[in-house]
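Coordinate analysis (summary)
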Amino acid sequence: MVRGRDACWEHCVLIDAARQKVRCNYCQREFSGGVYRMKFHLAQIRNKDIVPCTEVPNDVRDHIQGILSTHKKQKTWKRQRVEQVVNGQQNSSSASGGAPPNRVSSEQNGSVCPSLLFPHASPSPQPEPVVYDVQNQKQEHADKKIALFFFYNAIPFSAATSTYYQQMVDAIAECGVGYRAPSSEKLRCNLLEKVKANVNDMHKRLRDEWQQTGCTILCNCWSDGRTKSLVVFSVTCPKGTIFLRSIDVSGHIDDTHYLFGLLESIVLEVGAENVVQVLTDSADSYAYAGKLLMDKYPSIFWSPCASNCITKILEDLSKLEWVSTVLKEATTITKYLYSNEWILNTVRKFTGGLELIRPKISRYVTNFLSLRFLVFQENNLKHMFSHAEWLASSASRRPDAQLIKSMLNAEQFWSSAREAVCMFEPLVKVLRIVQGDMPAMGYLYEGMEKAKISIKAYYNGIVERMRNGFQEAMMKIAIVETDKVEITKEHPLYINAHGALGTEFATRGRTLNAPGDWWAGYGYEIPTLQRFAIRILSQPCSSQWCRWNWSNFENLHRLKGGIPEAAHDPETDMFGYLEVTDSL
């Protein structure tokens, strides 16, 4: 029987057949192990070292989850059927005095006849199993009950994306039939207090971690585009992220001294000795507030969000005349390819089902990814427009199709497109690194240096947006004179890889280990440099990975704005906190 093409291939591409390495079409992450592991990535299910996809559309995620769920049910049903057959034969054997089943040889080849290995008590055909259909009916019934709970209580559909949602369902399933859900009184009192205690315990563990690795204060901003502006403060370290508070800054978003006061209050709450850096928006008001903060607290860095800075670099590059021209031409081509369902299906047929447009990404990154797709698929697209199937279609004879075909055959377009991709690619790679939820400081400097070299071949106007180096950071964070002396002594040992730093494992670890982990494992002979290196390299460079549910904050502040401050219910604030931290 011919095996059908796995549905997951519509959402990923094979890039290395020998290693079974595949790339996600949405976040561009690469995995070894074939399409099976990619399914867990797309379904947002953590499995060993598989990182859930943050860019996969909800309908695709649900579809892949359904495939995995169905596969698991089918395997369970088959196992149960085998056990039933084996158990039935054992019972039959016992009833007949324990005689082993007859082995009858085939007259044709002498092999054991499979139909007689386990003889049935009755020769009549067995009815088809209905277990799977019954299970489907139960699943559909449960889905409807959950849907009714959402609908009748006006629960936002986004609640279904919560990490706690499936955990809740799994916990209920483990209790089995007869489980009774907690009452509103139990939720309001006992369970709320227990969850509060768990959250406080987590806070304490993370605060203890801040003393060792340092921490970064994240300042995320949101505006409704009119008069409402909110800021969310959180604190992150390698062990996790905790929410501190949200503040309505409407009317103060351009007030530098007001913003400085907010930043300073958060620094004092966390402990200035624990804070390595403060990440904010790159707006002028935040930049000046950050400068005031560094003037008052010399050991603390203020940094604009690296994702925001890289996006602005991409914006600068997109404004170059030749880049702007090629991006406009690429947009024209892309819009045409998406203008008609038949055309799009034909494109997918010739390009292996890849998508040109990526959702949930900034406009400049989207433009680059679409351009890169065209460059990678140059031969396939040219082949499509010259293929007999295309030429025989009515679409090929229309003026807009002729225009697109002429653009695809223009060498000037492809030459400019390749240069633009070479210039954009290093920046997008760095952007992908810093937008992850891991400490990326150790990767940012190297990545930006490589990007700078690549970009300088085409443009020299981005130097002012680059970040400073590692050694300058070291000297800033070490404010005690004795620490500066020790770092100065230890630095040559690090440069020349003396002692443990030059062992075979340490050398291998330079490319295999995370920078902070490398220093923790091999830097013990230079303890002062090790301590500060770990604090710096344990920090993130971006706050974009911290995806808050802003509607929760907006509703919470609208509620607070309509009642006196003294009347605020701390339990309401706690529920709001739990909802927003769920998105981390």
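Now for a quick tour of the structure. Model, not experiment: these values are computed from the prediction.

1. Overview of the pattern of salt bridges
For the structure shown, the criterion picks out 19 salt bridges. Two residues, E140 and K144, come together in a salt bridge whose shortest N-O distance is 3.8 Å. Taken as a pair, E140 and K144 lie in helix α3 (residues 131-152) at a separation of 4 residues, close to a single helical turn. Residue classification places K144 among the exposed residues on the basis of a relative accessible area of 52%. Ionic pairing is found between E389 and K349, a salt bridge with its closest N-O pair at 2.9 Å. With E389 in helix α13 (residues 388-391) and K349 in helix α10 (residues 341-351), this pair connects stretches of sequence that are 40 residues apart. On the basis of relative accessibility, which here comes to 57%, the residue K349 falls in the exposed class. Where salt bridges share partners, they join E378, K382, E411 and R418 into one cluster.

2. What to know about the packing of aromatic side chains
In the structure shown here, the tally under the stated rule is 10 aromatic pairs. Between F413 and W414, the ring centres sit 5.0 Å apart and the planes meet at 70 degrees, which makes this aromatic pair edge-to-face. For the pair formed by F413 and W414, the shared burial category is buried. Through successive ring pairs, a cluster of aromatic residues spans Y494, W518, W519 and Y522.

3. Here we look at the state of the cysteines
By the definition in use, this model includes 0 disulfides. Between C221, a cysteine without a disulfide, and C219, which holds the nearest cysteine sulfur, the sulfur-to-sulfur distance is 4.3 Å. Classification of C221 by relative accessible area gives partly exposed; the value is 31%.

4. Digging into unusual backbone geometry
For Q28, which is not glycine, the phi torsion reads 70 degrees and is therefore positive. Mapping Q28 onto the fold places it in the loop between β2 (21-24) and β3 (30-32). With a relative accessible area of 9%, Q28 lands in the buried category.

5. What about the pairing of strand β5 (residues 229-237)?
By the criterion of burial, β5 is predominantly enclosed, with 9 of the 9 residues buried. Residues S229, V231, F233, V235 and C237 of β5 are buried on one face, and the alternating residues L230, V232, S234 and T236, pointing to the opposite face, are buried as well. Of the pairings in the sheet, the one linking strand β4 (residues 215-223) to β5 comprises 8 bridges and is antiparallel in character. Bridging across to β5, C219 finds its partner in F233.

6. Some details on the sheet that holds strand β6 (residues 240-248)
Read from one edge to the other, the open sheet built from 5 strands follows the order β6-β5-β4-β7-β8, with strand pairing classed as mixed. The open sheet terminates on both sides in strands that have one partner only, identified here as β6 and β8 (301-304). Mean inter-strand twist for the sheet, computed between neighbouring axes without regard to direction, equals 20 degrees. Judged from the 4 bridges that link them, β4 and strand β7 (residues 275-280) form a sheet pairing that is parallel. By the bridge assignment for β7, I217 is matched with V278.

So, how was this worked out
Residues numbered from 1 in each chain as written. Predicted model: local features only at pLDDT ≥ 70, side-chain atom pairs only at ≥ 80, totals over all residues. Heavy atoms only, no water. Salt bridge = Lys/Arg side-chain N within 4 Å of Asp/Glu carboxyl O. Helix = DSSP H or I, 4+ residues; strand = E, 2+ residues; numbered from the N terminus. Buried < 20%, exposed > 50% of the residue type's maximum accessible area, 1.4 Å probe, protein only. Phe/Tyr/Trp six-rings, centres within 6.5 Å; stacked < 30°, edge-to-face > 60°. Disulfide = S-S within 2.5 Å. Pairing = 2+ DSSP bridges. Axes fitted to C-alpha atoms, helices over the stretch in contact; angles between N-to-C directions.

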